[in-house]
Amino acid sequence: MKGFLAIVLLAAAAAGAAATPIGDRFQCFDAELKAWDDAQTPEAKANSVSLAYRQMKKGLDYRLVLPDAGTADLHLLFQAANGAHFYTPSSEHALDMLAVARELAARQVASAGQLDDTYYALIGAREYGAARAWRIEHALAVNQVELHEVDLPPLPPGQAAELLFTDGKRSARTFSFPGGAYVIVVADPHCGFTRDAVARITADQPLMAALKNRIKWLAPQQTERSLQAYLDWNGRYPQAPISQAYKNEDWDALRNRQFPVFYFYRDGALQTHFAGWPKEGRMRELTEALELIGIAAQQ
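Thresholds applied
- Residues numbered from 1 in each chain as written.
- Predicted model: local features only at pLDDT ≥ 70, side-chain atom pairs only at ≥ 80, totals over all residues.
- Heavy atoms only, no water.
- Phe/Tyr/Trp six-rings, centres within 6.5 Å; stacked < 30°, edge-to-face > 60°.
- Buried < 20%, exposed > 50% of the residue type's maximum accessible area, 1.4 Å probe, protein only.
- Helix = DSSP H or I, 4+ residues; strand = E, 2+ residues; numbered from the N terminus.
- Expected span 1.5 Å × (residues − 1).
- Contact = heavy atoms within 4.5 Å.
- Pairing = 2+ DSSP bridges.
- Axes fitted to C-alpha atoms, helices over the stretch in contact; angles between N-to-C directions.
- Salt bridge = Lys/Arg side-chain N within 4 Å of Asp/Glu carboxyl O.
- Core = buried A, V, L, I, M, F, W, Y, C linked by side-chain atoms within 4.5 Å.
- Left-handed = near helix turned anticlockwise from the far one by under 90°.
- Nonpolar A, V, L, I, M, F, W, Y, C, P; charged D, E, K, R; others polar.

## A short note on the packing of aromatic side chains
Geometrically, a pair of aromatic rings is defined through the distance of the ring centres and the angle of the planes.
Then comes step 1: In the structure shown here, the tally under the stated rule is 16 aromatic pairs.
Then comes step 2: Here Phe175 and Tyr182 contribute two aromatic rings whose centre-to-centre distance is 5.8 Å and whose plane-to-plane angle is 40°, an arrangement assigned as tilted.
Then comes step 3: Looking at Phe175, the relative accessible area reads 10%, which means it is buried.
Then comes step 4: Residue Tyr182 is classed as buried on the basis of its relative accessible area of 6%.

Here it is, written out as structure tokens:
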């Protein structure tokens, strides 16, 4: 009898481990989401949050779980996917948001904010077809739709591509390193340090002449409700336009996002780099790095 009871208890424990209450799973994920270590890089934080999110979802089949989940649990699952997507705008996180939002909408308990968040997450993950369908289904009011929804032909796996912002429209193109010297600046139009750097550099006409067709200002793939900052940047600095990565993982330079980061290449091979732009600037370091790859500004 004791042996039978032990087997029953073990089976119950195993079943409980496989069906941990969603609230408990969320609390573990949320603790990682809110934890912060000043020594942790943005990339390390994004990786730890993604790992915690996958651990939270482990063993959950949303096709089976969501229809039977309580409404409060659905809100927690949406919050978790949204939090993970903030750090890593992946299709996994965006499509999870979509799945949960659909169930909330079917119950007529989805908030306007959740409907909007789902749309912009899908845009950030480059799930344009799903985003367009969601916008139409829920009659979402979206400013600058022509900037957000961009269709691209299928890209070869790992092919770097970028989104461009010109004449109030967004387009896309693939990228390959040209021969010789080239610079990629990992930038963010919202970052004051980045804006200081581009203002200082573009004010140096001999330097800009030397960098013609040899520099790219590249923002990471991220979820943004307004793209006006890109339009403003490109209107102000047409000689140093900023684009946005189509997929972060296809750009080696985007492994470090401590804006701005300057990468210096020769025939596609990285030679050196530096990060940051203090108040006094880094023109000396910039000039030395450019000389290293064969670019000398005429004075």
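Now that the structure is up, let's keep going.
## Examining helix H3 (residues 42-57)
Count 3.6 residues to each turn of an α-helix, and residues three or four apart come out pointing the same way.
Then comes step 1: Taking 1.5 Å as the rise per residue, H3 with 16 residues should run 22 Å; its terminal C-alpha atoms sit 23 Å apart, in good agreement.
Then comes step 2: For H3, every residue scored as buried is listed here: Glu43, Lys45, Ala46, Ser48, Val49, Ser50, Ala52, Tyr53, Met56 and Lys57.
Then comes step 3: Structurally, H3 contributes buried residues whose contacts are with helix H2 (22-34), helix H4 (62-68), helix H5 (71-87) and helix H6 (91-106).
Then comes step 4: Just downstream of H3 lies Gly59, where phi reads positive at about 85°.

## Considering the sheet that holds strand S4 (residues 215-219)
Then comes step 1: Taken together, 7 strands build an open sheet; the order of strands is S2-S1-S5-S4-S3-S6-S7 and the sheet is mixed. Edge positions in the sheet fall to strand S2 (169-174) and strand S7 (269-275), since each of these pairs with one other strand and no more. Strand after strand, the sheet turns through a mean of 30° between neighbouring axes, direction not considered.
Then comes step 2: Relative to S7, strand S6 (residues 261-266) runs antiparallel, the two sharing 6 bridges.

## Structural notes on the pattern of salt bridges
Then comes step 1: Here the structure, examined in full by the defined rule, presents 13 salt bridges.
Then comes step 2: Arg173 serves as the salt-bridge partner of Glu162, at 3.0 Å between the closest nitrogen and oxygen. You can see Glu162 sitting in strand S1 (residues 161-166) and its partner Arg173 sitting in strand S2, a full 11 residues away along the chain.
Then comes step 3: Judged by its relative accessible area of 44%, Arg173 falls in the partly exposed class.
Then comes step 4: Among the charged side chains, a network of salt bridges with common partners joins Arg132, Arg135 and Glu149.

## Some thoughts on the nonpolar core
Then comes step 1: Counting residues in hydrophobic clusters, the biggest one holds 72 residues, and the most contacted among them are Phe29, Ile201, Trp217, Phe262, Phe264, Leu286 and Leu290.
Then comes step 2: In this view, Leu290 contacts Val183, Leu207, Leu211, Phe264 and Ile295; residues no more than four positions away in its chain are not counted.
Then comes step 3: If you look at the next biggest cluster of nonpolar residues, it comprises 13 residues, including Ala160, Val186, Val261 and Tyr265.

## As for the pairing of S6
If a strand is regular, its side chains alternate between the two faces of the sheet.
Then comes step 1: Counting buried positions over the 6 residues of S6 gives 5, a clear majority of the element.
Then comes step 2: Here strand S3 (residues 181-186) pairs with S6 via 6 bridges, running antiparallel. When the sheet's bridge partners are listed, Val183 is paired in S6 with Phe264.
Then comes step 3: Hairpin connection from S6 to S7: 2 residues lie between these consecutive antiparallel strands, with Asp267 at a positive phi of about 55°.

## Focus on the packing of H5 against helix H7 (residues 112-124)
Then comes step 1: Running from N to C, H5 and H7 cross one another at 35°; their axes reach a closest spacing of 11 Å. In this structure, H5 crosses over H7, and the sense of that crossing is left-handed. Contact residues: His75, Phe78, Asn82 and His85 in H5; Gln114, Asp117, Thr118 and Ala121 in H7.
Then comes step 2: The class makeup of the residues in the contact of H5 with H7 is 2 nonpolar, 5 polar and 1 charged.

## Considerations on H6
Then comes step 1: An ideal rise of 1.5 Å per residue puts 22 Å on 16 residues; H6 measures up with 22 Å between its terminal C-alpha atoms.
Then comes step 2: Every buried residue of H6 is accounted for by Ser91, His93, Ala94, Asp96, Met97, Leu98, Val100, Ala101, Glu103 and Leu104.
Then comes step 3: Of the surrounding secondary structure, the elements contacted by the buried residues of H6 are H3, H4, H5, H7 and helix H8 (128-137).
Then comes step 4: Following H6 by one or two positions, Gln108 has its phi on the positive side, about 60°.

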